Amino acid sequence: MEKNTKVTLSNDAEDDNVHHHTNKEQDSIILNPNFEDGLKNWNGRGCKAVLHESMDGGKIVPLSGHVFAAATERKAAWNGIQQEISGRFQRKRVYEVTSVVRIFGNNATSATVQATLWVLNANQREQYIAIANVQAGNNDWVELKGKFLIHGSPSRVILYLEGPPPGTDILVNTLDVKHARRNRPSPPPFYEVCALTINNALKLAIARFVVWINPGFGINIVENSEVGDGETQPWFTLGNCKLSVGQGAPRTLPPMARETLGSHKPLGGSYILVTNRSQTWMGPAQMIADKIKLFLTYQISAWVKLSVGASSGISPQNVNIALSVDNQWVNGGQVEVSVGETWHELGGSFRLEKQPQNVMVYVQGPAAGINLMIAGLQIFPVDRRERIRCLKKQVDEVRKRDIILKFSGLDESCDLFPYIVKVKQTHNSFPVGTCINRTDIDNEDFVDFFTKNFNWAVFGNELKWYWTEAERGKLNYQDADDMLDLCIGNNINVRGHCIFWEVESTVQPWVRQLNKTELMNAVQKRLTDILTRYKGKFKHYDVNNEMLHGSFYQDRLGKGVRALMFNIAHKLDPSALLFVNDYHVEDGDDTRSSPEKYSRLILELEAQGAAIGGIGIQGHIDSPVGAIVCSALDNLSVLGHPIWFTELDVSSRNEFVRGEDLEVMLWEAFAHPAVEGIILWGFWELSMSRENSNLVEGEGEVNEAGKRFLDVKQEWLSHAYGIINNESEFIFRGYHGTYAVEVCTPAGIVLKTFVVEKGESPLFLSIDLSYLFSLSLRCHLLFLANACIVLFLIQTKDRLILCLGCFWIRFKKINPVPTKSFSDLESGCFLPMVLVQIPMCNEKGVYQQSIAAVPLFVDLVDEGFNIPASFFDLVDDTVGFKISACFFDLIDDTRGFQHLSFFLRSRHSTVSTSQVRFDSSLSFGFGFVSDHLVYKSLKSDSIFVLCFND
């Protein structure tokens, strides 16, 4: 049984402000979402909020429940109904807003209703977050649904509905907000080609959950595309135009199709001729629904040509290959064609991710009266994995360099023990960046992913003029400053986007109201403000964004103003590269921004003296095909400027397909020599402008597309492993960037770092290992010295213990007592203890110590000790134990004793009685009693008894 949860109204709410909810409502952060408690917790935002059971004479009733709310007497579009949710949400958590709405009054039949968050941050900075919108009507209730995420810890948050024009009421049946739990991602599409290495048992197991698709890569799904038999079936006409077959079309595939398909049989030279066109949409069509497979990327290719018919048209004309998918238009590619004798290549792509009922391909576009000719129309699925395999070979030539590590100072041990070299690249120098927003950096998880995986950045809005000066004279650079500080602190380079934006809808109202003189002064001030404030901090600037799609400044200030913007910017900050920047350049979807038109724009600006330093391709692309992208890059590369993808993103509901789209674009850019950097247009859910394009979910989980991105980045790091060759070299080929090398030798491990820059010739790097061997010798000597010190300390400790023992014996006057009487030698008594050990060996110093022990022995006796058996332990390595006998003689000369017992040891051999030899030079006689050697002094009555160590 689940526990009921309590929802706190505010951060400091007491228990009496706590409401308990049912299990169904426990995730909701909206109070009274169905207006069952009237308008409690709700109020109007700039207008009145009222409650109704019905309206319009009973024609409007609640879709659910008994009542609904209305925001009425609205005087502005932002007026609506609102509720404060401060303290009831968790930061870094994704929430889903669901509302049922409609409109009423003011003769409005349709209007946009939008859910918006107003956020007041801790520094009193206001923020508006658009959550979702829906086109609402006056006849039916519609559902509005969207998500939001708050990164920081704002002081206040209000959720409200807005949008319709003033005087139109917003009606709300329900409005609820709950935690948006992540759905399990869709499985990847399974293609038959991918299953060739999978055994049948596994394939059958997978088939229980997925449908295997035979993709038919490279196979044209258009029937009778070459009309070789003179018949046009199964083509049919849209409208009352006429189809016929003509001769004289190109016999080779268009270049982009040939790039993908490789060698192909020649075309037949026939084409479809469309005449009697009275509308732009008239042309040939064919049904292909039964041939389309979901999630496959299809490339479209055709030759097209225009001729003048009954009436002349306007040149140039757009020609578009389109698809009608369940009556929805899908762009398959378009090209701008001049009427004349030249055939033009038309290329594009598409992908379907939802099963359609009907799919029709058709060709349209030119003005009425212009004849349309189409030859060799191809629509075929693309094997993008094969394309990437080919690109990797190109990358090896473009982005790698031969590196030769030359080692010196090797010793002879290299012949016996090969030196192992491990090379690991830590960073690839190729720029890979991302777009960030000010609110993103309040989320530490976002910042962690950003700083670990990107080395460049661009600001989404915070540097744009409408952001930094929304109201004339009120400058706001704080957001940009905060973001720039983060990037600089993490060694991340930054692009400045953008100084101006040529599209009129993006220009703030006060700028649009300026006259020509005021506008020119404002433009110059804008340039001075931003470029002096950030001089040297932004590496690039997009000077005037999207000049192919807008002309606000050029229309008002003249054609030369664009070049003027570049020139002033260059004078104010010469270190920055100045870019042109536009979209749909790379995909064939927009005739306004074709590579040819982009090239003409750049050449015109340079002819006017514009200091252009780079070409920006935004890269907001769907279903990318490598051959089409590469063709655009080739066309632009002839201008000689570095090309950057400045706002790259891809979109697919399937995360695996999204990852494949992104991988295609990354490899296409990386493999092209003219491309010098890639900037993604974001990576975090709800921080991107396009849906289904994120790499990381809102709560920090890296999705399948993100994993593919990280895998590609890992592939762009080189690693090498091997041994130094006979020429003292280690050779490998690696990407440009930073490396760490580890050399394992018998003398130790050497660690080095180095940087590989661009270059055609091999890079030679010298690594000296001679110091390592002198260091190794020093280490060995140091080890021996330390070992000697340890032995000395051990010996010192031994001597100290002996001295302390003697002191203790003398202090306590201890007399050792044998276990048995000394006279009972034959009983094999066990000697109890050894108190004094006197070494007897051949070294001079030790011999002197032995002689010096005689006075110590005598002193012990004088102190009153009764010398028992085995009081002394003798160590004697001499033949015949000559030194021991000498020792006895000295004792006898110094002071006579009745009898003494010693334990004799030899360190080099086992001692036995057979080793004892009498020395006639000594005044001793000897004999054996049991296994004991007995010395008898000839000068006195002294007797010395020795026990052997065997």
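A quick note: this is a predicted structure, and the numbers were derived from the prediction, not measured.

Engineer: Just checking my understanding: could you explain the overall build of the protein chain for this structure?
Structural biologist: A count of helices and strands for the protein chain gives 18 helices and 45 strands. The proportion of buried residues among the 950 residues of the protein chain is 51%. Restricting the contact set of the protein chain to residue pairs at least 6 apart, pairs at least 24 apart contribute 75%. Counting only carbon and sulfur atoms, one obtains 52% of the accessible surface of the protein chain, whose full area is about 44900 Å².

Engineer: Got a minute to help me understand helix 14 (residues 655-671) in this structure?
Structural biologist: Since the α-helix turns once every 3.6 residues, residues separated by three or four places project in the same direction. In this model helix 14 runs 24 Å from its N-terminal to its C-terminal C-alpha over 17 residues, within 8% of the 24 Å that 1.5 Å per residue would give. Counting buried positions over the 17 residues of helix 14 gives 16, a clear majority of the element. Its side-chain oxygen at 2.9 Å from the backbone nitrogen of F656, N654 defines the N-terminal cap of helix 14.

Engineer: I tried to follow the environment of K59 on my own but got confused; where do I start?
Structural biologist: Summarising the element assignment, K59 is placed in the loop between strand 4 (48-52) and strand 5 (68-72). When its relative accessible area of 67% is taken as the criterion, K59 is described as exposed. Each C-alpha atom of the pair K59 and N139 lies 9.0 Å from the other, and the pair is 80 residues apart in sequence.

Engineer: How should the packing of helix 9 (residues 516-533) against helix 11 (residues 561-572) be read in this particular structure?
Structural biologist: Helices that pack against each other are described as a pair by the angle of their axes relative to one another and the distance between those axes. The interhelical angle for the contact between helix 9 and helix 11, taken along N-to-C directions, is 30 degrees, at an axis separation of 10 Å. On the basis of the axis angle, helix 9 is roughly parallel to helix 11. For helix 9 against helix 11, the interelement crossing comes out right-handed. For the pair formed by helix 9 and helix 11, the contact residues are M520, V523, Q524, L527, T528, L531 and T532 on the first element and V561, L564, M565, I568, A569 and L572 on the second. Its residues assigned to classes, the contact of helix 9 with helix 11 comprises ten nonpolar, three polar and no charged.

Engineer: Where do I start with unusual backbone geometry in this structure?
Structural biologist: Across residues other than glycine, the phi torsion is negative in most instances, and most of the peptide bonds are trans. That bond from Q233 to P234 is cis: its omega, 5 degrees, falls within 30 degrees of zero. Its place among the elements puts P234 in the loop between strand 14 (212-213) and strand 15 (236-238). Note the cis peptide between H497 and C498, where omega equals -15 degrees. When you line up the elements, C498 lands in strand 29 (residues 493-501). Positive phi values are uncommon outside glycine, yet L686 reaches one of about 70 degrees. Along the polypeptide, L686 turns up in the loop between strand 34 (675-680) and helix 15 (704-715). Residue L686 is classed as partly exposed on the basis of its relative accessible area of 39%.

Engineer: Mind showing me how you'd approach the packing of helix 3 (residues 384-398) against helix 14 here?
Structural biologist: In contact at an axis separation of 9 Å, helix 3 and helix 14 are set at 30 degrees when each is read in the N-to-C sense. Here helix 3 lies roughly parallel to helix 14, going by the angle between them. Pair helix 3 / helix 14 crosses with left-handed handedness. Of the residues in helix 14, those touching helix 3 at R384, R385, R387, I388, L391, K392, Q394, V395 and V398 are V657, E660, D661, E663, V664, W667, E668, F670 and A671. Split by residue class, the contact of helix 3 with helix 14 holds nine nonpolar, one polar and eight charged.

Engineer: Please explain helix 5 (residues 444-453) as it appears in this structure.
Structural biologist: Along helix 5, the positions that sit buried rather than exposed are F446, V447, F449, F450 and N453. Down the axis of helix 5, the buried side of the element spans an arc of 165 degrees, and every buried residue falls inside it. At its buried positions, helix 5 is contacted by strand 27 (432-436), strand 28 (456-459), helix 7 (478-489) and helix 15. For helix 5, the side-chain oxygen to backbone nitrogen distance between the N-cap and D445 is 2.9 Å, and the N-cap itself is N443.

Engineer: Please explain the confidence of the model for the protein chain as it appears in this structure.
Structural biologist: Residues shown with low pLDDT carry predicted positions that ought not to be read at fine detail. For the protein chain, per-residue confidence averages 85 on the pLDDT scale, and residues scoring 70 or more make up 78% of the total. In this model residues 193-198 is a low-confidence stretch, pLDDT under 50, and it forms six contacts with partners more than four residues away in sequence or in other chains. In this model, residues 908-924 is a region of pLDDT below 50 whose contacts with residues beyond four sequence positions or in other chains number 45 contacts.

Engineer: Any chance you could explain the sheet that holds strand 17 (residues 270-275) here in plain terms?
Structural biologist: Hydrogen bonding along the main chain pairs the strands of a sheet, whether they run parallel or antiparallel. Taken in spatial order, the five strands of this open sheet run 16-17-24-19-22, and their pairing is antiparallel. Of all the strands in the sheet, just strand 16 (242-247) and strand 22 (344-350) have a single pairing partner and so form its edges. Across the sheet, the mean angle separating the axes of adjacent strands is 30 degrees when strand polarity is ignored. Sheet topology places strand 19 (residues 298-308) next to strand 24 (residues 370-381); ten bridges connect them, and they run antiparallel. Directly across from V304, in strand 24, lies its bridge partner I374.

Reading guide: rules and limits
- Position numbers for residues count from 1 along each chain, tracking the sequence in the order it is written.
- Selection of residues for local features in this predicted model requires a pLDDT of at least 70, selection of side-chain atom pairs for listing and counting requires 80 or more, and totals for whole chains, interfaces and linings are taken over all residues.
- Only hydrogens and water are set aside; all other atoms, that is, all heavy atoms of the structure, feed into the side-chain values.
- Secondary structure elements are taken from DSSP: a helix is a run of H or I of four residues or more, a strand is a run of E of two residues or more, and numbering for both begins at the N terminus.
- Working definition: with a 1.4 Å probe on protein chains only, accessible area under 20% of the residue-type maximum means buried, over 50% means exposed, and in between means partly exposed.
- Any two residues whose heavy atoms approach within 4.5 Å at even a single point are treated as in contact.
- Only the protein chains shown count as cover for residues, and the accessible areas themselves come from Shrake-Rupley with a 1.4 Å probe.
- How far a helix is expected to stretch is found by multiplying one less than its residue total by 1.5 Å.
- Here a polar contact is taken to be a pair of N or O atoms separated by no more than 3.5 Å, where protein atoms must pair a possible hydrogen donor with a possible acceptor and residues adjacent in sequence count only if both atoms sit in side chains.
- Interaxial angle, 0 to 180 degrees, is taken between N-to-C directions of lines fitted to C-alpha atoms, where a helix line uses only the stretch in contact.
- Here the angle decides the label: under 35 degrees means roughly parallel, over 145 means roughly antiparallel, 65 to 115 means roughly perpendicular, and every other value means oblique.
- The hand of a helix crossing depends on one turn: near helix anticlockwise from the far one by less than a right angle means left-handed, and clockwise means right-handed.
- Here the term charged refers only to Asp, Glu, Lys and Arg, the term nonpolar to Ala, Val, Leu, Ile, Met, Phe, Trp, Tyr, Cys and Pro, and the term polar to all other amino acids, Gly among them.
- Working definition: the arc comes from the directions between the helix axis and the C-beta atoms, pointing outward to the latter.
- Known as pLDDT, the predictor's per-residue confidence is scaled from 0 to 100.
- Strand pairing follows a simple DSSP-based rule, namely that at least 2 bridges must link the two strands.

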